[in-house]
Amino acid sequence: MAHVEGQQHPIGVYLWIWGLLFVLSAFSYLVDYFHFQGYLRWSLILVFMLMKAGLIVAVFMHMRWERLALMYAILVPPLCLLVLISLMAVEGDYTFVTRASSFGQGSGVPVEHPYRPHGAG
Amino acid sequence: MTQSVLTSTGASPPLPEGLQGIVADWSSDQRAFKKVPWGKAMMWIFLLSDTFIFTCFLTSYMTVRMSTTVPWPNPSEVFALTIAGHHIPLILIAIMTFILISSSGTMAMAVKFGYEKNKKMCSILLVVTAFFGASFVGMQAFEWTKLIVEEGVRPWGNPMGAPQFGASFFMITGFHGFHVSVGVIFLIITAIKVIRGDLDRQRPGFMTGRKGNYEIVEIMGLYWHFVDLVWVFIFAFFYLW
């Protein structure tokens, strides 16, 4: 073999994935276009996003043809980020509740809009 | 004679697969990432660090959006355009998404033709990829101009709602646009190398003494696909959520 270390795959693979990414992106856009709301909207967005990300990493970046040592070294560490995201979600929720109870209506603190365009009001 | 050639190069036993393969690779007392060029492993590790950076941006965006008591501006409306009398929500962002995906497709094929030593197709596809990337940045410049000049969005406030909108928007899309711009520059450099035949003649790059070869096209491709990958997440979390 002349190129033991190169990734060589038939062009059809890339064209297929390209087409799939187009379709998935169109679906993502349609989620907004048709004004889906609530949990349906969020889950559809996440599903299409993860499918697109998976296709790009697996095929375009050739991850599915790499050895497990590289695959795990690259794909496992980002899972730590889920911890960060959950911690910050708890934190953001707490800040919201604190703000609402301290600065919200009925708390005695006057509510001001933080931005006044052109110095109005 | 034949025997010595076989033992020195060709006759190494097949590498073990699966979990056993991971243990064998890491304990081999050699390089851990086998069958992967050195530069490619390094690019993957750089992309891993970049993943952490972009996730920190998106996580801080999540935190400020969750914690604000002022309504968040509706991205669907903020990024709407009126084209030929029709008010279409989020259309510019959709076009940018399709352009970036197309550039990823052309990049993937450039890598393939590079390994086939098809100089012509490889360089054409690299230039097309760079063109898509440049037009993406151009549309982003248009989007920023529209938001800053017409809508009055600033990093510290905006007329539509929560003031954190501007800070998150400029930080996240600005950093991504910077990545795309750097990518375009390196795509052009890579295309020039391919066209000049540097990679066939194994001419070293300008910052290294290592011999040039078509692996750099694949490494360039990894970076470019990553830029597309980040956009997938920005599109989902910032524009669609």
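Residues numbered from 1 in each chain as written. Chains lettered and ligands numbered in written order. Predicted model: local features only at pLDDT ≥ 70, side-chain atom pairs only at ≥ 80, totals over all residues.

## Description of the overall build of chain A
How we decide: Put simply, DSSP marks the helices as runs of H or I at least four residues long and the strands as runs of E at least two long, and each gets a number from the N terminus on.
Within chain A, the secondary structure is distributed over four helices and zero strands. Counting from the amino terminus, helix and strand elements in chain A follow one another as α-α-α-α.

## Things to note about the overall build of chain B
Worth spelling out the cut-off: Counts of 20 or more other C-beta atoms within 10 Å of a residue's own C-beta define buried residues, counts of 12 or fewer define exposed ones, and intermediate counts define partly exposed ones; C-beta atoms are placed from the backbone.
Secondary structure summary: chain B contains eight helices and two strands in total. Helices (α) and strands (β) of chain B occur, in sequence order from the N terminus, as α-α-α-α-β-β-α-α-α-α. With respect to the principal axes defined by its C-alpha atoms, chain B has extents near 80 × 40 × 30 Å. Buried positions account for 38% of the 241 residues belonging to chain B.

## Some points on the domain arrangement of chain A
Using the following cut-off: The split of the chain into domains comes from an automatic or database domain assignment.
Split into domains, chain A comes out as domain 1 (7-65) and domain 2 (67-105). Spacing between the C-alpha centres of domain 1 of chain A and domain 2 of chain A amounts to 24 Å.

## Regarding the nonpolar core
The condition that has to hold: Throughout this description, the term nonpolar core refers to a group of buried Ala, Val, Leu, Ile, Met, Phe, Trp, Tyr and Cys residues whose C-beta atoms join them within 7 Å. Here, residue contact means that the backbone-derived C-beta atoms of the two residues sit within 7 Å.
Formed by 74 residues in total, the largest nonpolar core has its most connected members in L70 of chain A together with A110, L126 and F235 of chain B. Contributing elements (two or more residues each) for this core: α1 (11-33), α2 (38-60) and α3 (68-75) of chain A together with α3 (38-67), α5 (91-115), α6 (119-150), α7 (164-196) and α8 (215-240) of chain B. With 18 residues, the single largest contributor to this core is α8 of chain B. Apart from residues no more than four positions distant in its own chain, F235 of chain B is found in contact with S28 of chain A together with I93, T97 and L240 of chain B.

## Here we look at the interface of chain A and chain B
Contacts between chain A and chain B engage 51 residues on the former and 54 residues on the latter. Mapped onto the side of chain A that touches chain B, the elements with two or more residues apiece are α1, α2, α3 and α4 (80-103) of chain A.

## Comments concerning the confidence of the model for chain B
Residues and elements named next belong to chain B. Definition in use: As a per-residue quantity, pLDDT reports the predictor's confidence and falls between 0 and 100.
Chain-level pLDDT for chain B is 90 on average; 95% of the residues reach the 70-or-more range. Long-range and interchain partners of residues 1-8, a stretch whose pLDDT sits below 50, account for one contact in this model, where long-range means more than four residues apart. At the level of chain-chain contacts, confidence expressed as ipTM amounts to 0.88, with global pTM at 0.89.

## Considering the packing of α1 of chain A against α2 of chain A
All names here are of chain A. What counts here: To obtain an axis, a line is fitted to C-alpha atoms, over the contacting stretch when the element is a helix, and the angle between two such axes runs from 0 to 180 degrees between their N-to-C directions. Angle categories: roughly parallel below 35 degrees, roughly antiparallel above 145, roughly perpendicular from 65 to 115, and oblique for all the rest. Left-handed is the label given to a crossing in which the near helix is rotated counterclockwise from the far helix by less than a right angle, and right-handed is the label when the rotation is clockwise.
As a packed pair, α1 and α2 sit with axes 10 Å apart at the nearest point and diverge in direction by 165 degrees. In terms of axis orientation, α1 runs roughly antiparallel to α2. As for how α1 packs across α2, the hand of that crossing is left-handed. Residues V13, I17, L20, L21, L24, S25, F27, S28 and V31 of α1 pack against R41, L44, I45, F48, M51, K52, L55, V59 and F60 of α2.

## Thoughts on α3 of chain B
Quick note on the threshold: An expected span of 1.5 Å times one less than the residue number is assigned to each helix.
The first and last C-alpha atoms of α3 of chain B sit 44 Å apart over 30 residues, in line with the 44 Å expected at 1.5 Å per residue. Among the residues of α3 of chain B, those classed as buried are K40, A41, M43, W44, L58, Y61, T63 and S67 of chain B. As for α3 of chain B, its buried residues are in contact with α3 and α4 of chain A together with α7 and α8 of chain B.

## Here's the deal with the environment of L100 of chain B
Residues and elements named next belong to chain B. Counting through the fold element by element, L100 comes out in helix α5. The class for L100 is buried, based on 25 C-beta atoms found within 10 Å. If we skip the residues at most four places from it in the chain, L100 touches F136, D228 and W231.

## Some thoughts on the environment of A110 of chain B
All names here are of chain B. If you trace the backbone, A110 turns up in helix α5. Separated by ten residues in sequence, A110 and K120 have C-alpha atoms that sit 9.8 Å apart. Contact partners of A110, with chain neighbours within four places excluded, come to C122, L125, L126, T129, V217 and G221.

## Brief notes about the domain arrangement of chain B
A common measure of how large an interface is: the accessible area buried when the components associate. Domain parsing of chain B yields domain 1 (1-35) and domain 2 (36-240). Computed over C-alpha atoms only, the centres of domain 1 of chain B and domain 2 of chain B are separated by 37 Å.

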